[in-house]
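Spelled out, the chains give:
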Amino acid sequence: MSNARDDGARQDFYQRIDRHYMTPLWEVLGALVPRQPASPLQAALWRYADVRPHVMEAGRLITAAEAERRVLIMENPALRGNSSITQSLYAGLQLIMPGEVAPAHRHTQSALRLVLDGEGAYTAVDGERTTMRRGDFIITPAWTWHDHGNLGDEPVVWLDGLDIPTVRFFDAGFAEHGAQATQEASRPEGDALARYGNNMLPVDFAQTAAQPTKVFVYPFAKTRESLLGIARGAIDAHLGHKLRYVNPATGASPMPTMGAFAQLLPAGFETLPYRCTDGTVYVCLEGGGGADIGGERFDFALNDVFVVPSWQPLRLRADADTILFSFSDRPIQQALGLWREEKAQH
Ligand code: GTQ
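A quick note: this is a predicted structure, and the numbers were derived from the prediction, not measured.

Reading the values: the criteria
Residues numbered from 1 in each chain as written. Predicted model: local features only at pLDDT ≥ 70, side-chain atom pairs only at ≥ 80, totals over all residues. Heavy atoms only, no water. Phe/Tyr/Trp six-rings, centres within 6.5 Å; stacked < 30°, edge-to-face > 60°. Helix = DSSP H or I, 4+ residues; strand = E, 2+ residues; numbered from the N terminus. Buried < 20%, exposed > 50% of the residue type's maximum accessible area, 1.4 Å probe, protein only.

## Focus on the packing of aromatic side chains
Summed over the entire model, instances satisfying the criterion amount to twelve aromatic pairs. When the centroid spacing of 6.2 Å and the interplanar angle of 50° are considered together, the rings of Tyr14 and Trp26 count as tilted. Placement of Tyr14 in helix α1 (residues 4-18) and of Trp26 in the loop between α1 and α2 (29-32) is noted, with a sequence separation of twelve residues between them. For Tyr14, a relative accessible area of 13% translates into the label buried. Among the residues examined, Trp26 registers a relative accessible area of 55% and is labelled exposed. When the ring of Phe169 is compared with that of Phe170, the centres are 5.1 Å apart and the planes differ by 80°; the resulting orientation is edge-to-face. The burial state of Phe169 is the same as that of Phe170; both residues are exposed. Put simply, the rings of Phe137, Tyr218, Tyr245, Phe325 and Phe327 pair up and form one aromatic cluster.

Following this line, the structure appears as structure tokens:
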């Protein structure tokens, strides 16, 4: 039993141990070991129509070369100043103007790109270029050289997703600049996809489970074809028609720290409430509709980005045939045995 005298004695005790950089567990145990996740994140949506003018204004204020990467970071409203959209993930909108180059570098952070707006840009990964088309999912795994350029005549914008907060958590960030701004092409465009991404592998190829895939572009045309194909069959009441991107050599996620997904929701479809422990970033690639995130409602249209915190019940509604891309830290949680999901029955 606690009384006033005990409280005084305890406060005095806390102050004395504070000088030794110690603090009592019993005051914080409930928060440290919660009964279920209580994410500090806020659900949020970035309307592309609202933010695009700001992205374009950045294009007039600074060159890609000066910025190295001309990106407007999307920060979770509850994590301002942290460059984080979830606890483990970073997201931003990158702009590259015609004729510009974002110079070659590499880092221990892994990156994914989802092409949103404009044509004519490319990303080069370890000596191979890929033309960036809308909806393409492109990866630059940890420590791979990468640069971007725009050979076309219109601004190109894509979503960057990186594991920056994860790598920062481990204090394991390293980076290097390339000797040249633009990588020398050592393989023709399409080489990696032909070797590793077409249900075949080089005869002498061996890969360990943790290695990222050699496939670094997942063309939207293929993703779309798969989604439309499975949509002829039964639909999942919680997820719609949903697939995950994989390393085709292992079935694991393309990169060890970030998982990526694509789902099709037919016009008029509404999902049953679903929650999972991976805070997730969604992007609307086709159609539009609504997201109910823990009772908070958002409407989304083309290229809008929204974030769903860990363990918040999510309901999605499609007003037209809708394709959503999403990414999260699910592969980390699964590797650690932490990941959980829950499917409500109504
Ligand atoms: O394209 O390499 O949004 O290094 C943040 C850091 C993009 C990139 C970002 C990066 C990059």
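Next comes the rest of the account.
## Considerations on unusual backbone geometry
Of note in this structure, Tyr21 is not a glycine but carries a positive phi near 55°. Tracing the chain through its elements places Tyr21 in the loop between α1 and α2. When its relative accessible area of 79% is taken as the criterion, Tyr21 is described as exposed. The backbone of Trp311 sits at a positive phi, close to 70°, despite the residue not being glycine. Looking at the secondary structure, you find Trp311 in the loop between β19 (305-308) and β20 (314-318). Accessibility expressed as a relative area gives 11% for Trp311, which makes it buried.

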